[in-house]
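Chain by chain, the residues:
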Amino acid sequence: MNSSGIIHLGTRYLRRQRGKVVLLVAALSLSIILPFGISIFVKEAESHLRSRARVTPLMLGAQGSPLELVFNGLYFSKPAIATFPIQKSKEVGDLANTIPIYAKFSADGFRIVGTSIDYFRFRNLKTDSGNFMARLGDCVLGAEVAAELGLGVGDSIISTPEAMFDLAGVYPLKMRITGVLTRSGNADDRAVFCDVKTAWVIEGLAHGHDEVDPKDKKSVLSMDAEGNPVLNASVVQFNEITPDNVGDFHFHGDAGEFPITAAIVIPRDQKSGIILKGRYQESATESVQLADPAVVTDELFSTVFQIRNFVIAALVAVGIATFGIAILVFLLSNKLRIREFSNLRNLGADLSTIRLLVAFEALAVLVISVIVAIALLTLLGAIAPGIVRSVL
Amino acid sequence: MIHLQNVRFSYPRDSFALAVDDLKIPEGQHTAVIGPSGCGKTTLLRLVAGILPIEQGSINVQTLSVHEMSQNELQQFRIKNIGLVFQEFELLDYLTARENILLPYRVSSALLLDEAAQGRCETLAATAGIDHLLDRHPAEMSQGERQRVSICRALVTNPKIILADEPTGNLDPENQQKAVDLLKSEANRCEATLLMVTHEHDLLLNFERVINMGEAI
């Protein structure tokens, strides 16, 4: 047996058979990577979801899917969910504090989140530059929004109209950027925060325009049921809130009926939390629901884990089949090399040398596949948090 | 001296049978083996090399009894004494000419791939006129060049016996003569016995002796 000769011949053979080796390595690596990769992503998603859900005590929202409510409240997910009147969030009374979330509109592809200053305190968010919003029309950008759009304090961002061809729709609102948040590594990095009232302006529930004389028939078409004048389209509405026109912005209707998509409910203590949960469980006729994000994510992951286990089992089966095919490829390839092995024997190679040569080649392909798989899985482990964050 | 006495051989499930009553090939002699296809020329070479086991009789090479050797002993015997040249060259396509020539050193632990072996490879290649092709793969060479690489591989270990099985079968007349000249000159240099199977009657004048396997030996 000549070990250096075996390595020499084996590596030369594999180098010459590059195409075959690359295919085998790709197939074997993939069969290793897939089950482990799925586990990495599921684990990362689980940790990401649970960490945010764990620090969010309760979530109030319109009746419907608790999962959609939690996802909208935690991740400002699209599409927007059903809304409910903000007044409903006040009904928790002294048992809890509430923070409104109105995540319905977008600006340059990023979700506009209408909320209150309390949200930043609750999520422990700080500004990297500038300050939190101070008046109507101000907004604060998440770190990734600012980086991707190249915007900063003093710049402005315009809300995206919901329906491009809706002539009667709401005008886009140009918002002043007063601050950029410090990177937090979660959904807050990819959101544009403004006061919930600013979000209502975007909704069209509040607006500002030049002063109009109600008796001016050129400007006023009619009066609505509440006695408010319905203005002619020729009356220019403000699409930006400035110190000069902020006083002209006004709301129509009952502010308590204005919509939000969710409200973070922070019970004063454990007992208050239990009372609140009980209250909303008992009143099935309520138009709102109170969800516990931790419980909702637990339920979600019990399902995800079941599916993951099935998928991994299937992938392991495919992996075993792939290894079987790789062995078959080697066996068939060795059959084609019988003459070569016979000549090596005639030139002085003993049987163990031939066997070791074949084993070395198979082992080399396996080792390369495992190394490639480990390298890619390490890379996957490093980029998975970023991918999960950008998806969730 | 190669001495075959009362040798009998047949392939399993085959009507072919080889019988050699008494054949002596003196040391250093250049011998051509001729005869019709299927008469046992290649088999004779394989028996001498110990690749095929005889059914009866004896094969002695100098003082060694080839027919009594174990597989390991036969292996060592071939490595130290035999240089094999094949009609189909049998070069490994994934090795360069240099690596093919030095192949016996790679597959056997009995041979040491040292500077002397490397030097012999270079010298042989220069003699064969293929020194400029040493880093090329067989696919990049002509038939004649490949056969010369194959001959160099057989000679690189300084064998005492060179067994060449129709080494000119795939070559044009010019390359046939070049291959025979190379085999003869290197056999002379090593004082080796040359036993070459051929169908080319034009080449027979190059040999001191011709054995016709079509006739009883």
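Rules of the game
- Residues numbered from 1 in each chain as written.
- Chains lettered and ligands numbered in written order.
- Predicted model: local features only at pLDDT ≥ 70, side-chain atom pairs only at ≥ 80, totals over all residues.
- Heavy atoms only, no water.
- Pairing = 2+ DSSP bridges.
- Helix = DSSP H or I, 4+ residues; strand = E, 2+ residues; numbered from the N terminus.
- Contact = heavy atoms within 4.5 Å.
- Axes fitted to C-alpha atoms, helices over the stretch in contact; angles between N-to-C directions.
- Patch = residues over 30% accessible without salt bridge, like charges linked within 9 Å, V, L, I, M, F, W, Y side chains within 5 Å.
- Areas by Shrake-Rupley, 256 points an atom, 1.4 Å probe, with all protein chains shown as cover.
- Salt bridge = Lys/Arg side-chain N within 4 Å of Asp/Glu carboxyl O.
- Buried < 20%, exposed > 50% of the residue type's maximum accessible area, 1.4 Å probe, protein only.
- Phe/Tyr/Trp six-rings, centres within 6.5 Å; stacked < 30°, edge-to-face > 60°.
- Lys NZ or Arg CZ within 6 Å of the ring centre and 35° of its normal.
- Domains from an automatic or database assignment.
- Buried area = accessible area lost by both parts, 1.4 Å probe.
- Polar contact = N/O pair within 3.5 Å; in protein donor to acceptor, adjacent residues only side chain to side chain.
- Nonpolar A, V, L, I, M, F, W, Y, C, P; charged D, E, K, R; others polar.
- Disulfide = S-S within 2.5 Å.
- 1 Å grid on protein atoms, 1.4 Å probe; cavity = no way out; pocket = protein on both sides within 12 Å on 5 of 7 lines; lining within 4 Å.
- Points joined across faces, edges and corners; volume = space filled by probe spheres on them.

Caption draft 1: View of the sheet that holds strand β2 (residues 17-25) of chain B. Residue and element names in this part refer to chain B. With antiparallel pairing, the 4 strands of this open sheet are ordered in space as β2-β1-β4-β5. The open sheet has two edge strands, β2 and β5 (64-65), and neither has a second partner. Two strands pair when backbone bridges link them, and strand β1 (residues 2-10) and β2 are joined in this way by 8 bridges, in the antiparallel orientation. Along β2, the bridge assignment pairs Gln 5 with Asp 22. Sitting on the sheet, helix α1 (residues 41-49) is in contact with β1, β2 and β4 (56-61), with an inclination near 115 degrees to β1.

Caption draft 2: Just a nonpolar patch on the surface, in detail. All names here are of chain A. Residues Phe 323, Leu 363, Leu 366, Val 367, Val 370, Ile 371 and Ile 374 make up a contiguous nonpolar surface patch of roughly 570 Å² in combined accessible area. A per-element tally of the nonpolar patch places helix α11 (residues 351-391) first, with 6 residues. For Leu 366, the position within the fold is in helix α11. In this structure Leu 366 comes out as partly exposed when scored by relative accessible area, which is 31%.

Caption draft 3: Highlighting the sheet that holds strand β3 (residues 30-34) of chain B. Residue and element names in this part refer to chain B. Taken together, the 5 strands give an open sheet; going across it, the order is β6-β7-β8-β3-β9, and neighbouring strands pair in parallel fashion. The open sheet has two edge strands, β6 (82-85) and β9 (209-212), and neither has a second partner. Neighbouring strand axes in the sheet, compared pairwise and without regard to direction, differ in orientation by 15 degrees on average. Inspection of the sheet shows β3 paired to strand β8 (residues 193-197) by 4 bridges, in the parallel sense. Pairing of Thr 31 across the sheet is with Leu 195, part of β8. Against the sheet, helix α2 (residues 71-81) contacts β6 and β7 (161-165), and its axis sits at roughly 80 degrees relative to β6.

Caption draft 4: Main features of the packing of aromatic side chains. Residues and elements named next belong to chain A. Inspection of the entire model under this criterion finds 13 aromatic pairs over all chains. Ring centres of Phe 76 and Phe 193 lie 6.0 Å apart, and the angle between their planes is 85 degrees; this geometry places the pair in the edge-to-face category. Of this pair, Phe 76 sits in the loop between α3 (66-75) and β2 (84-85) while Phe 193 sits in strand β9 (residues 191-195), and the two are 117 residues apart along the sequence. Given the relative accessible area of 4%, Phe 76 is considered buried. Between the NZ or CZ atom of Lys 20 and the centre of the ring of Phe 330, over which it lies, the distance is 5.6 Å.

Caption draft 5: Region of the structure containing the domain arrangement of chain A. All names here are of chain A. The assigned domain composition of chain A is domain 1 (3-49 + 300-391), domain 2 (58-103 + 261-289) and domain 3 (109-256). Contact with domain 2, which involves 17 residues of that partner, is made by 21 residues of domain 3. Surface buried jointly by domain 2 and domain 3 totals about 1,500 Å² across both partners, of which 64% is contributed by carbon and sulfur atoms. There are 0 salt bridges connecting domain 2 and domain 3. In this structure, the connection of domain 2 to domain 3 is made through 6 residue pairs in polar contact (both at pLDDT 80 or more). Where the side of domain 2 that touches domain 3 is concerned, the elements lending two or more residues are α3, α4 (86-90), β3 (96-107) and β15 (262-267). A total of 5 residues in the side of domain 2 that touches domain 3 trace back to one element, the largest contributor, which is β3. Classifying every residue of the side of domain 2 that touches domain 3 gives 14 nonpolar, 2 polar and 1 charged.

Caption draft 6: Region of the structure containing the side chain of Arg50(A). All names here are of chain A. Among the structural elements, Arg 50 can be located in helix α2 (residues 18-54). Owing to a relative accessible area of 18%, Arg 50 belongs among the buried residues under this scheme. Sequence-distant contacts of Arg 50, that is, excluding residues within four places in its chain, are made with Asp 298, Phe 301 and Phe 305.

Caption draft 7: Layout of the state of the cysteines. Taken as a whole and judged by the stated rule, the model has 0 disulfides over all chains. Here Cys139(A) is not cross-linked by a disulfide; its sulfur's nearest cysteine counterpart is in Cys194(A), at 7.1 Å. Residue classification places Cys139(A) among the buried residues on the basis of a relative accessible area of 0%. You can see Cys152(B) has no disulfide; the closest cysteine sulfur is in Cys121(B), sitting 7.4 Å from it.

Caption draft 8: Geometry of the layout of surface pockets. Of the voids in this model, the second largest pocket is the one considered here, and its volume is about 380 Å³. Around the second largest pocket, the lining is made up of 19 residues, and of these Glu340(A), Glu90(B), Leu91(B), Leu92(B) and Asp93(B) lie nearest the centre. Elements supplying a minimum of two residues to the lining of the second largest pocket: α9 (293-336) and α10 (338-346) of chain A together with α6 (143-155) of chain B. Counting residues per element, the lining of the second largest pocket draws most heavily on α10(A), which supplies 3 residues. Taken together, the residues of the lining of the second largest pocket break down into 7 nonpolar, 5 polar and 7 charged.

Caption draft 9: Representation of the pairing of strand β4 (residues 110-115) of chain A within the structure. Residue and element names in this part refer to chain A. β4 sits mainly inside the fold: 6 of its 6 residues count as buried. Examined bridge by bridge, β3 and β4 share 5 bridges and lie antiparallel to one another. Across the sheet, Ala 103 pairs through a bridge with Val 113, a residue of β4. As judged from the 5 bridges shared by β4 and β9, these two strands associate in the parallel manner. Paired with Thr 115 across the bridge in β9 is Asp 195.

Caption draft 10: Structural context of the pattern of salt bridges. Per the stated rule, a full pass over the model turns up 21 salt bridges over all chains. Arg189(B) serves as the salt-bridge partner of Glu186(B), at 2.7 Å between the closest nitrogen and oxygen. Taken together, the residues Glu186(B) and Arg189(B), both in helix α7 (residues 173-190) and 3 residues apart, mark about one turn of the helix. By sharing partners, the salt bridges in this structure join Glu144(A), Glu148(A), Arg183(A) and Arg190(A) into a single network.

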